[in-house]
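Chain by chain, the residues run as shown.
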Amino acid sequence: MAEFDQQYELMRITKTGSESLKQAFRDTRNVLVHEGVEGHQIVLWMVPEYRTAIMSLRDPVERFRSGYDMNARTNHVGINERYPTASDMALDIKNVMYDMEWGYTYLPQVFWTRGADYIRKRKAVWMMTQDIDTFIEQFPAERKNVHGVHHNAQELFRDKVRSELTPAAIGALQDAYAADFAMLDELGVPERYFKHLQSRM
């Protein structure tokens with residue numbers, strides 16, 4: 001298959017449901033999917049002009065919680081001793097996200113996108129985590145193997161118990177991820193996609 005036959009390229013922003021997109025599109029002819037850690041290293045300005053980037057975006061607070069829960073389950077790099085609760089880590093998030101060993105999970109989403117203006121300039125295709133299943137069902141993918149498509153966004157991202165966060169911790173995350181919140185606001189993402197805001201209502 002010629003390189004130019006692939007019209008789309010998947011950008012796998014950590015903890016946004018990109019694994020579900022990878023599983024759905026790895027057996028397609030028209031979407032370039034990167035495996036392993038390499039997939040998380042593809043940023044929007046690396047996608048060639050002749051391809052359209054596909055990406056998922058997420059409420060920064062829920063994305064942080066998902067990352068903490070994932071690392072806490074395996075005690076990755078001793079996280080349970082360093083940060084016994086999600087709030088403990090949230091209060092130190094500006095140091096955590098730039099830890100070269102494992103902090104990339106917590107980097108702002110604008111690290112991959114450069115913000116709303118650049119997403120629009122590149123005409124990238126994006127969806128919120130909650131809409132991944134609908135996007136997969138409607139996307140005109142050219143299947144290599146129609147029986148090889150597996151995705152689990154609804155299973156992964158339906159309402160589930162997440163680590164509780166104190167108001168101070170949420171405030172620290174809102175501050176650290178201010179650029180992400182601004183990007184999502186500029187893209188017109190409705191408030192219903194932000195669970196931590198809904199919990200106050």
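Residues numbered from 1 in each chain as written. Predicted model: local features only at pLDDT ≥ 70, side-chain atom pairs only at ≥ 80, totals over all residues. Heavy atoms only, no water.

**A look at unusual backbone geometry**
Then, in step 1: A positive phi angle, close to 60 degrees, is found at Lys15, a residue other than glycine.
Then, in step 2: Take Lys15: it is sitting in the loop between strand 1 (8–10) and helix 1 (18–25).
Then, in step 3: Despite not being glycine, Arg114 shows a phi value in the positive range, around 65 degrees.
Then, in step 4: Its location among the elements puts Arg114 in the loop between helix 6 (110–113) and helix 7 (116–121). (Helix = DSSP H or I, 4+ residues; strand = E, 2+ residues; numbered from the N terminus.)

**Some thoughts on the confidence of the model for the chain**
Then, in step 1: Taken as a whole, the chain shows an average pLDDT of 86; of its residues, 85% reach a score of 70 or greater.
Then, in step 2: Between residues 145–151, whose pLDDT stays under 50, and residues either more than four places distant or in other chains, the model counts 12 contacts. (pLDDT = per-residue confidence, 0-100. Contact = heavy atoms within 4.5 Å.)

**Remarks on the side chain of Ser87**
Then, in step 1: Tracing the chain through its elements places Ser87 in helix 4 (residues 86–90).
Then, in step 2: Overall, Ser87 belongs to the buried group, its relative accessible area being 7%. (Buried < 20%, exposed > 50% of the residue type's maximum accessible area, 1.4 Å probe, protein only.)

**Some points on helix 2 (residues 60–74)**
Then, in step 1: Along its 15 residues, helix 2 runs 22 Å from first to last C-alpha, staying within 8% of the 21 Å computed at 1.5 Å per residue.
Then, in step 2: Most of helix 2 sits inside the fold, with 12 of its 15 residues counted as buried.
Then, in step 3: Buried within helix 2 we find Pro60, Val61, Glu62, Arg63, Phe64, Arg65, Ser66, Gly67, Tyr68, Asp69, Asn71 and Ala72.
Then, in step 4: The opening residue of helix 2, the one whose side-chain oxygen lies 3.0 Å from the backbone nitrogen of Val61, is Asp59.
Then, in step 5: Just beyond helix 2, the residue with positive phi is Asn75, at close to 50 degrees. (Expected span 1.5 Å × (residues − 1). Polar contact = N/O pair within 3.5 Å; in protein donor to acceptor, adjacent residues only side chain to side chain.)

**Things to note about the pairing of strand 3 (residues 52–57)**
Then, in step 1: Counting buried positions along strand 3 gives 5 out of 6 residues, so the element sits mostly inside the fold.
Then, in step 2: In terms of strand pairing, strand 3 meets strand 4 (residues 125–128) through 4 bridges, oriented parallel. The partner of Ile54 across the bridge, within strand 4, is Val125. (Pairing = 2+ DSSP bridges.)

**Examining the packing of helix 2 against helix 11 (residues 178–186)**
Then, in step 1: The N-to-C vectors of helix 2 and helix 11 enclose an angle of 130 degrees; their axes lie 10 Å apart at closest approach. By the angle between their axes, helix 2 is oblique relative to helix 11. Facing helix 2, whose interface residues are Pro60, Val61 and Arg63, helix 11 presents Asp180, Phe181 and Leu184.
Then, in step 2: Here the residues of the contact of helix 2 with helix 11 sort into 4 nonpolar, no polar and 2 charged. (Axes fitted to C-alpha atoms, helices over the stretch in contact; angles between N-to-C directions. Parallel < 35°, antiparallel > 145°, perpendicular 65-115°, else oblique. Nonpolar A, V, L, I, M, F, W, Y, C, P; charged D, E, K, R; others polar.)

**Regarding the environment of Ala72**
Then, in step 1: Topologically, Ala72 is positioned in helix 2.
Then, in step 2: Along the backbone, Ala72 and Ala86 are 14 residues apart, and their C-alpha atoms lie at a distance of 8.9 Å.
Then, in step 3: Setting aside anything within four residues of it in sequence, one finds Ala72 in contact with Ile79 and Asn80.

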